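Analysis of the macromolecular model
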Amino acid sequence: MGQPLLVLRGIAKAFPGVQALAGVSLELWPGEVHALVGENGAGKSTLIKIAAGVYLPDAGEILFEGRPVRLHSPRDAAALGIAVIHQEPYLFPTLSVLENLFMGFQPRRGLLDWPAMARRAREVLQALGVALPLEVPAGELSAAQQQLLQIARALLQDARVLIMDEPTSSLSQKEVATLFEIVRRLRARGVGILYITHRLEEVFALADRVTVLRDGRLVGTFPVATVTPGALIPHMVGRELPQLFPHTPRPPGPVLLRVHGLGRRGLFEGISLEVRAGEIWRGWWGRVGRRSPRRSSASFPRRPALWRWTAVAWSPGRRGRRWRRGLSICRRTAIGRGSWPPCRCGPT
């Protein structure tokens, strides 16, 4: 029958004031897509960081291909063949796709062997069934292409275990379908894939087994063919949910923010909205690249914009002015771009 590629057995990890993991075990087999699910704070991120060598466990053991290992760093994990596809790609945006693919393990013949790098990159991309322009800066790729770049980079390092952390969070439906096809090809090649997601429909479309964590503890591991979303959700939240998204009516509060006729020349126009106290506004939605973030950037400007604004208690201006008024923006890509101070529009 063979043996698992990766075994995490009895893993425990504590941080000051919190027990992040307590006695969690998981097995990943060759050619398996193993989903890892749980609510926010369940311990998923901590577990995959231990598997990737970012954290050392306080207790428990890790086995790779049947051998006990101790991962002191991500480099140790990569040397074994464990790679992580992060939710927000860690790339060098001003360097080319080819340079990003081989960063840290470039082949040399005295100097860098660029022809060998390009030849090997094309082989891996062809095996994945994708096309990426090798000479283009990585920052110019779409979100889906950047995910593919990470996967190709992992295969160039002969990854046997691929840990995918929320890989579809910023992809369109068409791009998700492309990613799923690539995951299935990797499974057919014997790669073990640990797939972390909040989207249960992806679990049932892709995974062979699913492991549920809750409050840092293992609830159970189930063959996907034997469970349903309705059976899985109570394991995740610890209680029965008669309705997945129960509606609790509440009267709206006073208008805090009113925008009328928002526009930026050449990008969008005619945007109007109201946001009330105690309300989670539905926001702007659309496919990646359809300028919704640019609308929010215009509403909370970092540079002058051509638009008209009507507000209840203030008018827009520089960031310092909107911060003092308690208006802030939290971007999808939070690394190095988060807002301070936090929003003071309501109770915290």
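This part is about the side chain of Gln147. When you line up the elements, Gln147 lands in helix H5 (residues 143-156). Polar contacts involving the side chain of Gln147 include one to the main-chain carbonyl oxygen of Pro167, which spans 3.0 Å. Beyond its immediate chain neighbours, meaning those up to four positions away, Gln147 contacts Ile85, His86, Gln87, Pro167 and Leu171.

Before going further, it helps to examine the nonpolar core. Counting residues in each nonpolar core, the largest one holds 55 residues, and the members touching the most others are Leu101, Leu128, Ile151, Leu162, Met164, Leu186 and Val210. Examining the composition of this core, we find that nine residues originate from one element, H5, more than from any other. For Ile151, the residues in contact, after removing those within four places along its chain, are Ile85, Leu128, Leu162, Met164, Leu179, Ile182 and Leu186. In terms of nonpolar packing, the next biggest core, distinct from the first, is built from 25 residues, Leu26, Leu36, Ile62 and Leu194 among them.

For the protein, per-residue confidence averages 80 on the pLDDT scale, and 78% of positions sit at 70 or higher. Counting contacts from residues 289-316, a segment whose pLDDT is below 50, to residues more than four positions away or on other chains yields 68 contacts. Under a pLDDT of 50 for its full length, residues 332-348 has, in the predicted model, 23 contacts with residues more than four places off or in other chains.

Attention now moves to unusual backbone geometry. With a phi angle near 50°, Glu65 is a residue other than glycine that sits in the positive phi range. Mapping Glu65 onto the fold places it in the loop between strand S4 (59-64) and strand S5 (67-69). Unlike most non-glycine residues, Asp215 shows phi in positive territory, near 55°.

Moving on: helix H6 (residues 173-188). Over its 16 residues, H6 extends 23 Å from the first C-alpha to the last, a length consistent with the 22 Å expected when each residue adds 1.5 Å. When H6 is considered as a whole, its buried residues turn out to be Val176, Leu179, Phe180, Ile182, Val183 and Leu186. All buried residues of H6 fall inside an arc of 165° around its axis, so they share one side. Structural note: H6 exposes Lys174 and Ala188 on the side pointing more than 90 degrees away from its buried face. Buried residues along H6 sit against strand S3 (33-37), helix H4 (114-128), H5, strand S9 (161-165), strand S10 (192-196) and helix H7 (200-206).

With that out of the way, let us pick up the packing of aromatic side chains. Across all of its chains, the model carries one aromatic pair by this definition. Here Phe15 and Tyr55 contribute two aromatic rings whose centre-to-centre distance is 5.3 Å and whose plane-to-plane angle is 65°, an arrangement assigned as edge-to-face. One end of the pair, Phe15, is in strand S1 (residues 6-15); the other, Tyr55, is in the loop between helix H1 (44-51) and S4, and 40 residues separate them in sequence. Using a relative accessible area of 28% as the deciding quantity, one classes Phe15 as partly exposed. Look at Tyr55 and you get partly exposed, because its relative accessible area is 25%.

Reading the values: the criteria
Residues numbered from 1 in each chain as written. Predicted model: local features only at pLDDT ≥ 70, side-chain atom pairs only at ≥ 80, totals over all residues. Heavy atoms only, no water. Helix = DSSP H or I, 4+ residues; strand = E, 2+ residues; numbered from the N terminus. Polar contact = N/O pair within 3.5 Å; in protein donor to acceptor, adjacent residues only side chain to side chain. Contact = heavy atoms within 4.5 Å. Core = buried A, V, L, I, M, F, W, Y, C linked by side-chain atoms within 4.5 Å. Buried < 20%, exposed > 50% of the residue type's maximum accessible area, 1.4 Å probe, protein only. pLDDT = per-residue confidence, 0-100. Expected span 1.5 Å × (residues − 1). Arc of directions from axis to C-beta. Phe/Tyr/Trp six-rings, centres within 6.5 Å; stacked < 30°, edge-to-face > 60°.

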